[in-house]
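Chain and residue survey
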Amino acid sequence: MKKILFASSEVHPLIKTGGLADVAGSLPRALAEISQDIRVILPNYSSLKKTEDVHFISSVRVNNQDANILETRLPDSNVIVWLADCPALFDSPGNPYVDETGNPWENIADRFALFSRIIVEVAMNRAHLDWQPNVVHCNDWQTGLVPALLSVESNTPSTVFTIHNMAYQGMFPESTFADLNLPRQLWHPNGLEYHEMLSFIKGGLAYADRITTVSPTYALEIQTPEYGYGLEGLLSHKYHILSGIINGMDLDQWNPEADTSISEPYSVKSLEKKAINKTSLQARSSLPVNKSVLVFGLISRLVEQKGVDLLIDCLPEMVEMPLQLVLLGSGDKSVEQKLMNFARLYPKKISVTIGYDESLAHQIEAGVDVFLMPSRFEPCGLNQMYSQRYGTIPIVRETGGLVDTIEDALPKSLANNTATGVSFKEASGGALLEAIKRTMLLYNDKKTWKKIQTTAMGKDFSWKNSAEQYLALYEEI
Ligand code: ADP
Ligand code: GLC
């Protein structure tokens, strides 16, 4: 049995802005299910969803600052969660990365440096918890300083650093390095320095014993300039300790047979009931109620990564076609504005909800026929897996985890019953539109459509497999 400290800046259902939270809420459960002793650590944000059994267990002093460690559990599980509590830094409204007005926290470097130092104290068994992990599993730049800080200690646990997104690196001016009082020996081009800037993610990439990312395809892509965001050289140099392990999905939370957010539960055996979810979604979205019309959905952070601009390029043609669109997301204000303008001009075709709404996300997955993920890059992506489980056919761009989880509906894959979606290569509106037209043809052939839905719904996206791959990695180091 391994003792694992799993560190993440977000953990579903306590706090979530994206897929990292889904992973940090599910992978630890899956590791606990295969008998590992795993503890999760995240900051005690004021916006954390309150659970009943939070209690104080110890206090630590790091970098001349006092902090507490509170203990709770992942809801409906026995997995212990430690909350790194420092009201001076985390007790303000907003999400983990931005304040209430949507601006990045000015003190974001202090926040995650302090979080990392607390993780180090726990990892070194200096936090009075009487527990020392064999492995510290860090996720994304917010925990990147952990492997770096551990590198200057002795008798340390091993470290794994998982990249969920190379586009976010935690880069700060050189002066921040001194402000954070980081050990001098970490400042060099093979350490935390990146072109005279302080890079948190480099702490993970340069010092962790193993680097993973969330799909085999993305593990290759990030070694190239197009996807490596300047760190492709370092990553290809580290290829021998770099691997891709595909994310699983939470099969309880995303289960069309037992989803309490949707109008009518259904399974592969009662696919006709999916139409009830479609008509409820249309009614709720103020779209004409019609169970035959093809409905497209999208749920996304509205950022460049997600390729929503490709969809915007297609909208003038799409509104002339017999289809409807239900879109949910928030992010880039100009993208939000463009989408809302289309919704205002074509209220019978497009419904747009700006914001974050988990219940609506479930209703969209259940109610639409086709899910759009035209991502420019996608380390793993989760909604294409949720979609398949809900018999909702994903249209994806062939990148990252989307390649590893979707089988394009081509004559061969249709013939041998492996097709589960539609994919396209080029990051352009034209290529997306072609894929949309191809999907419409498939939809018109009811038998083929049902075959794709059935194959998609039967795929195994459980965490068990991936948890075993992580365990093998922990055992190797
Ligand atoms: P990323 O982490 O890059 O945003 P993923 O596909 O891995 O992409 O995960 C996104 C997760 O966040 C999914 O669970 C998705 O349903 C959810 N999500 C994204 N935007 C919203 C939103 N506006 N409302 C509700 N859920 C959302
Ligand atoms: C990131 C990626 C997404 C991935 C998620 C969880 O946010 O953008 O592709 O699914 O992390 O690993």
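That block above? That's the structure.
The notes below deal with the structure included here. (Residues numbered from 1 in each chain as written. Chains lettered and ligands numbered in written order. Predicted model: local features only at pLDDT ≥ 70, side-chain atom pairs only at ≥ 80, totals over all residues. Heavy atoms only, no water.)

1. Observations regarding helix α19 (residues 463-476)
- When the terminal C-alpha atoms of α19 are compared, their 20 Å separation across 14 residues agrees well with the 20 Å that a helix rising 1.5 Å per residue should span.
- Residues of α19 that are buried include every one of W463, S466, A467, Y470, L471, L473 and Y474, and no others. For α19, the angular spread of the buried residues around the axis is 160 degrees, confining them to a single face. Exposed residues on α19 whose side chains face more than 90 degrees from its buried face are E475 and E476.
- Looking at the buried side of α19, the elements it contacts are β1 (3-7), α1 (19-33), β6 (135-139), β7 (158-163), β11 (210-213) and β12 (242-244). (Helix = DSSP H or I, 4+ residues; strand = E, 2+ residues; numbered from the N terminus. Expected span 1.5 Å × (residues − 1). Buried < 20%, exposed > 50% of the residue type's maximum accessible area, 1.4 Å probe, protein only. Arc of directions from axis to C-beta. Contact = heavy atoms within 4.5 Å.)

2. Let's talk about the layout of surface pockets
- Estimates place the volume of the second largest pocket at around 670 Å³.
- In terms of lining residues, the second largest pocket is bounded by 29 residues, among which R29, D250, L251, D252 and Q253 are the most central.
- Elements that contribute at least two residues to the lining of the second largest pocket include exactly α1, α13 (358-367) and α19.
- When residues in the lining of the second largest pocket are grouped by element, the largest group, seven residues, is from α1.
- Its residues assigned to classes, the lining of the second largest pocket comprises nine nonpolar, 10 polar and 10 charged.
- Viewed by domain, the lining of the second largest pocket spans two of them, domain 1 (3-248 + 464-476) and domain 2 (268-457), each represented by three or more residues. (1 Å grid on protein atoms, 1.4 Å probe; cavity = no way out; pocket = protein on both sides within 12 Å on 5 of 7 lines; lining within 4 Å. Points joined across faces, edges and corners; volume = space filled by probe spheres on them. Nonpolar A, V, L, I, M, F, W, Y, C, P; charged D, E, K, R; others polar. Domains from an automatic or database assignment.)

3. Examining the side chain of K238
- Residue position: K238 is located in the loop between α9 (232-237) and β12.
- Excluding anything up to four places from it in sequence, K238 contacts L205, A206 and I211.

4. Comments concerning helix α3 (residues 108-123)
- A rise of 1.5 Å per residue sets the reference length of α3, with its 16 residues, at 22 Å; its end C-alpha atoms lie 22 Å apart and thus fit the reference within 8%.
- Burial analysis of α3 places 15 of its 16 residues in the buried class, which makes it a mostly covered element.
- Count one or two residues on from α3 and you reach N125, which has phi positive near 55 degrees.

5. Re the site of ligand 1
- The full set close to ligand 1 counts 20 residues, and K16, G19, R301, K306 and G355 are the nearest of them.
- In the environment of ligand 1, an oxygen atom lies 2.7 Å from a nitrogen or oxygen atom belonging to the side chain of R301.
- Counting residues per element, the shell around ligand 1 draws most heavily on strand β13 (residues 294-302), which supplies three residues.
- Residues that form the shell around ligand 1 fall into these classes: six nonpolar, eight polar and six charged. (Near = heavy atom within 4 Å. Polar contact = N/O pair within 3.5 Å; in protein donor to acceptor, adjacent residues only side chain to side chain.)

6. What about the pattern of salt bridges?
- The final tally for this structure, using the stated rule, is 15 salt bridges.
- One salt bridge connects K16 with D22, and the closest N-O pair in it is separated by 3.0 Å.
- As a salt-bridge pair, E71 and R73 come within 4.0 Å of each other at their nearest N and O atoms.
- On the basis of relative accessibility, which here comes to 12%, the residue E71 falls in the buried class.
- Overlapping salt bridges bring together E121, R126 and E153 as one network. (Salt bridge = Lys/Arg side-chain N within 4 Å of Asp/Glu carboxyl O.)

7. So, the packing of helix α11 (residues 308-318) against helix α17 (residues 429-444)
- Remark: α11 packs on α17, axes separated minimally by 8 Å, with the N-to-C direction vectors making an angle of 55 degrees. In terms of orientation, α11 lies oblique with respect to α17. Note that α11 runs across α17; the crossing there is right-handed. Residues L310, L311, D313, C314, E317 and M318 of α11 form the contact with α17, whose participating residues are G429, L432, L433, I436 and K437.
- Grouping the constituent residues of the contact of α11 with α17 by class yields seven nonpolar, one polar and three charged. (Axes fitted to C-alpha atoms, helices over the stretch in contact; angles between N-to-C directions. Parallel < 35°, antiparallel > 145°, perpendicular 65-115°, else oblique. Left-handed = near helix turned anticlockwise from the far one by under 90°.)

8. Looking at the environment of L311
- Topologically, L311 is positioned in helix α11.
- Between the C-alpha atom of L311 and that of L48, which follows or precedes it by 263 residues, the distance is 33 Å.
- Ignoring anything within four residues of it in the chain, the contact list for L311 reads L298, M318, L325, L327, L372 and L432.

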